[in-house]
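# Structure assessment
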Amino acid sequence: RQKRTSQNRTLVYQPDLQTRASSRLLLENELRDALKNKELSLHYQPIISMQNGSLLGFEALCRWEHKERGQISPIEFIPLAEESGLIVPLGHWALREACTSLKNWIEKYPHFSNLIMNVNVSSLQLLQDNFATSVNEILLNAGIKGSQLKLEITETTLIENAELVRDVLLDLKTLDISLAIDDFGTGYSSLSYLNQFPIDTLKIDKSFVNHMNSSEDSYKIIHVISTLAHTLGMTLVAEGIEEEEQMTALQKLGCHTGQGYLFSKPLANDAAEEYIRKEGPPLV
Ligand code: C2E
Ligand code: MG
Ligand code: MG
Ligand code: MG
């Protein structure tokens, strides 16, 4: 038996799936309302130079404080937003919000005018008509330069729509925007692929960092990714650094930029600003 939803998607009804499907639908509707009612926020995780400990920028990460259920993880609601198409307005909002925050911080702390804001972008969002134009509008409205924005995409995004995505990424590059591959090493992009896209940065997935001092394989994979980045002239960021030993090992492998609980958890807007204030003038 099948049932049409209002979005014209077809759900196959099986008794055991029925409750799951309806609770998904409920959550999806609540997410739509949350976006409308501004119940979503962004937290900002510092990105740090492991050469001198200085602050290089932030990654904007979406948060949903649900009225009854409390914090819902983006690992749960981003896929839901992607499946329902809500990721398009959500992602647009996140970009605007992140750029506005960065602008405010730079105005208060002008010596941080080189801070870079990283924003995650989903495939569906990137493949919207005129994505680059709408990003440019956001930059102009917020009053920040393209060089202050880095967009994070996944290997899957690159591969699934290679031709189209390549064109969009080239348009973004003409705006001086940097591009990073997120969760690098967990997808299945071939090496020959990498060179066909204008990528500036590889972000080593936190699963490798997590195991690098207990699993020789993880360590070796990071070693290979590091060599790859250096060979292709890309910068390298490690995510999910929690321990001093991980930092030391990463430094030895030539990875000089990092992000993780060792340095800071993602911070609410005011706490991120406080982080900048405490950081003081950048080292020269
Ligand atoms: P991501 O882009 O790979 O973000 C890094 C994730 O690692 C974040 O999870 C961050 O809080 C977490 N993390 C950072 N340092 C550590 C650490 O030391 N230890 C551990 N265990 N975790 C650490 P978060 O905030 O739960 O976000 C999960 C994912 O949701 C993100 O992974 C990203 O793929 C997606 N996401 C979040 N916000 C957005 C958004 O605005 N748009 C899109 N398209 N995706 C988003
Ligand atoms: Mg990311
Ligand atoms: Mg990541
Ligand atoms: Mg991830």
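Please read these numbers as outputs of a predicted model, since none were measured by experiment. (Residues numbered from 1 in each chain as written. Chains lettered and ligands numbered in written order. Predicted model: local features only at pLDDT ≥ 70, side-chain atom pairs only at ≥ 80, totals over all residues. Heavy atoms only, no water.)

### A closer look at the coordination of the magnesium ion (ligand 2)
For clarity, the cut-off: In this analysis a donor is any N, O or S atom within 2.8 Å of a metal ion (3.2 Å for sodium, potassium and calcium), and since water is not included, sites may seem incomplete. Only runs of H or I of at least four residues qualify as helices and only runs of E of at least two qualify as strands under DSSP, and these elements are numbered from the N terminus.
Around the magnesium ion (ligand 2), the protein supplies Glu-59 (OE), Asn-120 (OD1), Glu-152 (OE) and Asp-182 (OD) as donor atoms, at distances of 2.0 to 2.2 Å. On the primary sequence, the residues serving as donors to the magnesium ion (ligand 2) are separated as E-x60-N-x31-E-x29-D. Between the two metals, the magnesium ion (ligand 2) and the magnesium ion (ligand 3), the spacing is 3.9 Å, and Asp-182 donates to both. Of this pair, Glu-59 sits in strand E4 (residues 55-66) while Asp-182 sits in strand E8 (residues 178-184); the two residues are 123 residues apart in sequence, bridging distant segments of the chain.

### Details of the layout of surface pockets
What counts, and what does not: Using a grid of 1 Å spacing that covers the protein atoms alone, one calls a set of points a cavity when a 1.4 Å probe fits there but cannot get out, and a pocket when the set is open and has protein on both sides within 12 Å along at least five of seven lines; lining residues are those with an atom within 4 Å of a point. Grid points are joined across faces, edges and corners, and a volume is the space filled by probe spheres set on the points. Note on residue classes: Ala, Val, Leu, Ile, Met, Phe, Trp, Tyr, Cys and Pro are nonpolar, Asp, Glu, Lys and Arg are charged, and everything else, Gly too, is polar.
Approximately 1200 Å³ is the volume attributed to the largest pocket. Forming the walls of the largest pocket are 40 residues, and the residues nearest its centre are Glu-59, Leu-61, Pro-74, Ile-75 and Asn-120. In terms of residue class, the lining of the largest pocket is built from 16 nonpolar, 14 polar and ten charged. The space that makes up the second largest pocket amounts to roughly 250 Å³. Elements supplying a minimum of two residues to the lining of the second largest pocket: strand E3 (40-49), E4, strand E6 (116-120) and strand E10 (235-239). Here the residues of the lining of the second largest pocket are counted per class, giving four nonpolar, nine polar and one charged.

### Let's talk about the site of ligand 1
Spelled out, the test is: We define proximity as follows: a residue is near a molecule or strand when any one of its heavy atoms falls within 4 Å of that partner. Whenever two N or O atoms come within 3.5 Å, that pair is a polar contact, provided that in protein one can donate a hydrogen and the other can accept it, and provided that, for residues adjacent in sequence, both atoms are side-chain atoms. Shrake-Rupley sampling with a 1.4 Å probe provides the accessible areas, and residues are treated as covered by the protein chains on show and by no other component. Grid points define the cavity or pocket, and a molecule sits in it when more than half of its atoms lie within 2 Å of them.
What surrounds ligand 1 is a group of 23 residues, the closest being Arg-63, Asn-120, Asp-182, Glu-242 and Tyr-261. Within the side chain of Asp-183, a nitrogen or oxygen atom sits 3.1 Å from an oxygen atom of ligand 1. Lys-206 is positioned such that a nitrogen or oxygen atom in its side chain is 3.1 Å from an oxygen atom of ligand 1. Protein chains shield 86% of the accessible area of ligand 1, which is 810 Å² for the free molecule. Judged by the proximity of its atoms to the pocket grid, ligand 1 belongs to the largest pocket. For the shell around ligand 1, the element with the highest residue contribution is E4, accounting for four residues.

### Focus: helix H5 (residues 131-142)
Worth spelling out the cut-off: Expected span, for any helix, means 1.5 Å times one less than how many residues it has. Should any heavy atoms of two residues lie within 4.5 Å, those residues are considered in contact.
Taking 1.5 Å of rise per residue, twelve residues should cover 16 Å, and H5 covers 17 Å from first to last C-alpha, within 8% of that figure. Structurally, H5 contributes buried residues whose contacts are with helix H3 (87-108), helix H4 (123-126), strand E7 (149-154) and helix H7 (162-174). Once H5 finishes, Gly-143 follows within two positions and takes phi at roughly 80°, a positive value.

### What about the packing of H3 against helix H12 (residues 269-279)?
Geometrically, a packed helix pair is captured by the angle between its two axes and the distance between the axes. Defined as follows: For helices, the axis comes from a line fit to the C-alpha atoms of the stretch in contact; other axes are also lines fit to C-alpha atoms, and the angle between any two N-to-C directions lies between 0 and 180 degrees. Each crossing gets its hand from how the near helix is turned against the far one by less than a right angle, where anticlockwise is left-handed and clockwise is right-handed.
Where H3 meets H12, the closest approach of the two axes is 11 Å, and the angle between their N-to-C directions is 35°. Crossing angle aside, the handedness with which H3 passes H12 is right-handed. Contacts from Ser-101, Trp-105 and Lys-108 in H3 reach Asn-269, Ala-272, Glu-273 and Ile-276 in H12. For the contact of H3 with H12, a count of residues per class yields three nonpolar, two polar and two charged.

### Section: the side chain of Ser-84
Here Ser-84 shows up in helix H2 (residues 74-84). Engagement of the side chain of Ser-84 in a polar contact is seen with the backbone oxygen of Ala-81, the distance being 3.3 Å.

### Considering the packing of aromatic side chains
Heads up, the rule is: Within 6.5 Å between ring centres, the rings of Phe, Tyr and Trp (the latter by its six-membered ring) count as paired, and their orientation is classed by plane angle as stacked under 30 degrees, edge-to-face over 60, tilted in between. Residue burial is assigned from relative accessible area. The probe radius is 1.4 Å, only protein chains are included, and a residue is buried under 20% of its type maximum, exposed over 50%, and partly exposed in between. A positively charged side chain is recorded as over a ring if its NZ (Lys) or CZ (Arg) lies within 6 Å of the ring centre. The angle to the ring normal must also be within 35 degrees.
Applying the stated criterion to the full structure yields six aromatic pairs. Between Phe-58 and Trp-105 the ring centres are 5.1 Å apart and the planes differ by 55°, which places this aromatic pair in the tilted class. Of this pair, Phe-58 sits in strand E4 while Trp-105 sits in helix H3; the two residues are 47 residues apart in sequence, bridging distant segments of the chain. By relative accessible area, Phe-58 is classed as buried at 1%. Ring geometry for Phe-58 versus Tyr-275: centroids 6.5 Å apart, planes at 75°, classification edge-to-face. Taken as a pair, Phe-58 in strand E4 and Tyr-275 in helix H12 lie far apart in primary sequence, 217 residues in all. Over the ring of Tyr-261 we find Lys-265, and its NZ or CZ is 4.6 Å from the ring centre.

### Topic: H3
In this model, H3 (22 residues) spans 31 Å end to end at C-alpha, consistent with the 32 Å of a helix rising 1.5 Å per residue. Those residues of H3 that fall on the buried side of the exposure criterion are Ile-87, Leu-90, Gly-91, Trp-93, Ala-94, Leu-95, Ala-98, Cys-99, Ser-101, Leu-102, Trp-105 and Ile-106.

### Quick look at the pairing of E3
Here is the rule we go by: Criterion used throughout: strands pair if DSSP finds at least two bridges between them.
Most of E3 sits out of view: nine of its ten residues are buried. Strand direction decides the pairing type here: E3 and E4, joined by nine bridges, are antiparallel. Across the sheet, Pro-46 pairs through a bridge with Phe-58, a residue of E4. With two bridges connecting them, E3 and strand E11 (residues 257-259) associate as antiparallel partners. In the strand pairing of E11, Ile-48 is matched with Gly-258.

### Topic: the confidence of the model for the protein
Going by this rule: A score from 0 to 100, pLDDT tells how confident the predictor is in each residue.
In the predicted model, the protein carries a mean pLDDT of 92, and the fraction of residues at 70 or more is 93%. Across residues 1-5, confidence stays below pLDDT 50; counting only partners more than four residues off in sequence or on other chains, it has 13 contacts. Predicted complex, confidence summary: ipTM 0.98, pTM 0.93.

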